[in-house]
Amino acid sequence: MSTDKVSVHGGWASRWVFVLAATGSAVGLGSIWKFPYMVGMYGGGAFVLVFLACIALIGLPVMLAETLIGRRARQSPANALKVLALEAGHSARWSWWAFAGMITALLILSFYSVVGGWSLDYIIDMGHGDFQGVTSDQVGAYFGKVVADPWRLTFWHTLFMVLSAVVIARGVVAGLERSLRIMMPLLFVMLLVLLGYSMTTGHFMQGVHFMFDFNSERLLEGLLPAMGHAFFSLSVGVGSIMIYGAYMPKGASLSGTVVGVALLDTFVSLVAGMALFPIVFAAGLSPSEGPGLMFVSLPFAFGNVAFGQLMGVVFFVLVAIAAWSSAISLLEPMVAYLVERTKVRRAWVTFWLAFSCWFVGLGTVFSFNIWQQAKFFVSEGGVFHLYRWGAISGLDFFGVIDFFTSRIMLPLGGLCFVVFAGWVMGREAVRDELSIRSPVMFALAFFLMRYIAPIGILVVFAAQLWK
Ligand code: TRP
């Protein structure tokens, strides 16, 4: 049995560093920026409910599967699947799935970096006092002005990409721990402060109702987006968590750790939503604003409270750090793979990959300005049914990449990983890696991986196709 492989990329000093890194990966723009605007777009409570169900029944088993595959093989996702499949007497072609996942991660990074750049931009704007005493119209116009300027977006997108690449080039294991140990807890504290502020707006209960009252008519509409976002939020489906699992010490309890990370990530999403919506309502903004939601509601709040300027700077610094620690985990799987495959220097591999993502990211930059009118998938009526993948009327470049990655590739990647753990690796190998003491809990975890999660993913796809 080859259960004691060693990673060539180094390893975390302890389980806690894994927790820190995995939390750093999971908690990011997905929780703070994307979750609230998707809740707003897909009808509040209905979306939240489906999202939570997808986290528990699908996202969590996928996360367990990914981590255990990674830790057993101790290599980049594509090589991990190859080695373990061959060991179990299956085809090496399993690695193609993981390869597709690693490409997906790079596509996600291309737009992630642009939005990470917005948060860098807002640190400076906050510091200048641009938002002191603003009205809700002014914050909206401000965001409009920021994204209308391709040079400005490109500048911050470039800076964000460079900051992420620097850590990767030096090796994730060395770079992450020091930066995250203080920053992640601080981000939680700031979110709680923001939540406290929301409670004073007089619209807190309106926000809570918006997030938790659900309208059953809208359940189906948000099904696939919510499942896709569950994957996005937990960083699963592309091998991010798998590569972090590969650096995890042997013997550390995997299941408890993974469940803890997933809970923390979900908690941050819910707190971010509960903090944001009361502000949105108090300011008279629309919850279905779209990707700008966080960038208009928060500056409004910070612009109109005592010490808001300072708190705003701190907050956007923390958001940028959360985004940065997630971006790193998007780049790492492919970097690790190419380092294993080609023996080219890590720094060099990182440079070329980051450059490619940066280049594709320009498409997202332009989606908000010079290519604003360029819409894909538009039929004559303005609404195109992509094989009934929901009415997606006129997606821009960013919309296409987001749609393809979150709604199609992440669930497919997740499907591959749970099927691999549940059916290819077999019960004993999984038991050995998971190290769950209670036989009942193990049976439950294995059942989720083998049946519930794969069937769940297929059912959501089917519901989307035949609704
Ligand atoms: N989970 C991160 C966030 O919520 C983004 C992210 C990092 C990600 N790694 C990933 C998303 C892998 C999908 C797949 O901000």
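Residues numbered from 1 in each chain as written. Predicted model: local features only at pLDDT ≥ 70, side-chain atom pairs only at ≥ 80, totals over all residues. Heavy atoms only, no water.

Enquirer: Would you mind showing me how to read the site of the ligand here?
Expert: As a matter of local geometry, the ligand sits amid 16 residues, with Ala26, Gly30, Tyr112, Phe232 and Ser235 nearest to it. One nitrogen or oxygen atom from the side chain of Tyr112 is found 2.4 Å from an oxygen atom belonging to the ligand. Contact between the ligand and Ser235: a nitrogen atom at 2.9 Å from a side-chain N or O atom of the residue. Burial of the ligand by the surrounding chains reaches 100%, relative to a free accessible area of 370 Å². Of all the elements in the fold, those that place two or more residues in the shell around the ligand are α1 (15-26), α2 (29-41), α5 (94-128), α10 (223-234) and α14 (308-342). Classifying every residue of the shell around the ligand gives 7 nonpolar, 9 polar and no charged. (Near = heavy atom within 4 Å. Polar contact = N/O pair within 3.5 Å; in protein donor to acceptor, adjacent residues only side chain to side chain. Areas by Shrake-Rupley, 256 points an atom, 1.4 Å probe, with all protein chains shown as cover. Helix = DSSP H or I, 4+ residues; strand = E, 2+ residues; numbered from the N terminus. Nonpolar A, V, L, I, M, F, W, Y, C, P; charged D, E, K, R; others polar.)

Enquirer: So what exactly am I meant to see when it comes to α1 here?
Expert: Structurally, the α-helix is built with 3.6 residues per turn, so residues lying three or four positions apart point the same way. Across its 12 residues, α1 extends 16 Å between first and last C-alpha, which sits within 8% of the 16 Å expected from 1.5 Å per residue. In terms of burial, α1 is a largely internal element, 10 of the 12 residues being buried. Within the sequence span of α1, burial applies to Val17, Phe18, Val19, Leu20, Ala21, Ala22, Thr23, Gly24, Ser25 and Ala26. Capping the start of α1, Ser14 holds a side-chain oxygen 3.1 Å from the backbone nitrogen of Trp16, two or three residues further along. (Expected span 1.5 Å × (residues − 1). Buried < 20%, exposed > 50% of the residue type's maximum accessible area, 1.4 Å probe, protein only.)

Enquirer: Which parts of the structure should I look at to understand the nonpolar core?
Expert: Soluble, globular proteins show a tendency: their nonpolar side chains are buried together. Of all hydrophobic cores here, the largest spans 173 residues; its most connected members are Trp12, Ile69, Trp118, Phe315, Phe316 and Leu434. It is α14 that contributes the most residues to this core, 18 residues altogether. Excluding anything up to four places from it in sequence, Ile69 contacts Ala80, Leu81, Leu84, Met242, Phe417, Phe420 and Met425. (Core = buried A, V, L, I, M, F, W, Y, C linked by side-chain atoms within 4.5 Å. Contact = heavy atoms within 4.5 Å.)

Enquirer: Can you walk me through the packing of aromatic side chains in this structure?
Expert: Inspection of every chain in the model, using the stated rule, returns 40 aromatic pairs. Here the aromatic rings of Trp12 and Tyr244 are separated by 5.3 Å at their centres, their planes lie at 90°, and the arrangement is edge-to-face. Remark: Tyr244 occurs in helix α11 (residues 240-246) and Trp12 occurs in the segment before α1; sequence separation between them is 232 residues. The exposure classification of Trp12 matches that of Tyr244, with both residues buried. Relative to Phe316, the ring of Tyr122 lies with its centre 5.5 Å away and its plane at 45°, an arrangement referred to as tilted. Here Tyr122, found in helix α5, pairs with Phe316, found in helix α14; they are 194 residues apart in sequence, far enough to count as distant. The pair formed by Tyr122 and Phe316 is uniform in burial state, with each residue classed as buried. When the ring centre of Trp16 is taken as reference, the NZ or CZ atom of Arg15 above it lies at 5.2 Å. (Phe/Tyr/Trp six-rings, centres within 6.5 Å; stacked < 30°, edge-to-face > 60°. Lys NZ or Arg CZ within 6 Å of the ring centre and 35° of its normal.)

Enquirer: Teacher, can you tell me more about the confidence of the model for the chain here?
Expert: Mean pLDDT over the chain works out to 90, with 95% of the residues at or above the 70 mark. Every residue in residues 380-391 scores below 50 in pLDDT, and together they form 28 contacts with partners more than four places removed in sequence or on other chains. (pLDDT = per-residue confidence, 0-100.)

Enquirer: Please explain the pattern of salt bridges as it appears in this structure.
Expert: Where charged atoms of side chains with opposite charge meet at close range, the side chains can pair. Under the criterion given, the structure shown has 9 salt bridges. Taking the shortest distance from any N to any O, the salt bridge between Asp121 and Arg152 comes out at 2.7 Å. Placement of Asp121 in helix α5 and of Arg152 in helix α7 (residues 150-170) is noted, with a sequence separation of 31 residues between them. When its relative accessible area of 2% is taken as the criterion, Asp121 is described as buried. Across the pair Glu221 and Arg218 runs a salt bridge whose closest N-O atoms are separated by 3.1 Å. For Glu221, a relative accessible area of 32% gives the class partly exposed. Classification of Arg218 by relative accessible area gives partly exposed; the value is 27%. (Salt bridge = Lys/Arg side-chain N within 4 Å of Asp/Glu carboxyl O.)

Enquirer: Is there a simple way to explain the packing of helix α3 (residues 45-73) against helix α4 (residues 77-87) in this structure?
Expert: Packed helices, taken two at a time, are described by their axes: the angle between them and the distance between them. At their nearest, the axes of α3 and α4 sit 9 Å apart, and the two run at 75° to each other. When the axis of α3 is compared with that of α4, the two are roughly perpendicular. From α3, Ile69, Arg72 and Ala73 reach across to α4, where they touch Ala80, Leu81 and Leu84. By residue class, the composition of the contact of α3 with α4 is 5 nonpolar, no polar and 1 charged. (Axes fitted to C-alpha atoms, helices over the stretch in contact; angles between N-to-C directions. Parallel < 35°, antiparallel > 145°, perpendicular 65-115°, else oblique.)

Enquirer: Even after reading the chapter, I still don't get the packing of α4 against α5, so can you show me in this structure?
Expert: Here α4 crosses α5 at 165°, and the two axes come no closer than 7 Å. If you check the angle between α4 and α5, you find them roughly antiparallel. Considering the relative orientation of α4 and α5, their crossing is right-handed. Between α4, through Pro77, Ala78, Leu81, Lys82 and Ala85, and α5, the contact on the second element is made entirely by Trp94, Ser95, Ala98, Phe99 and Met102. Grouping the constituent residues of the contact of α4 with α5 by class yields 8 nonpolar, 1 polar and 1 charged. (Left-handed = near helix turned anticlockwise from the far one by under 90°.)

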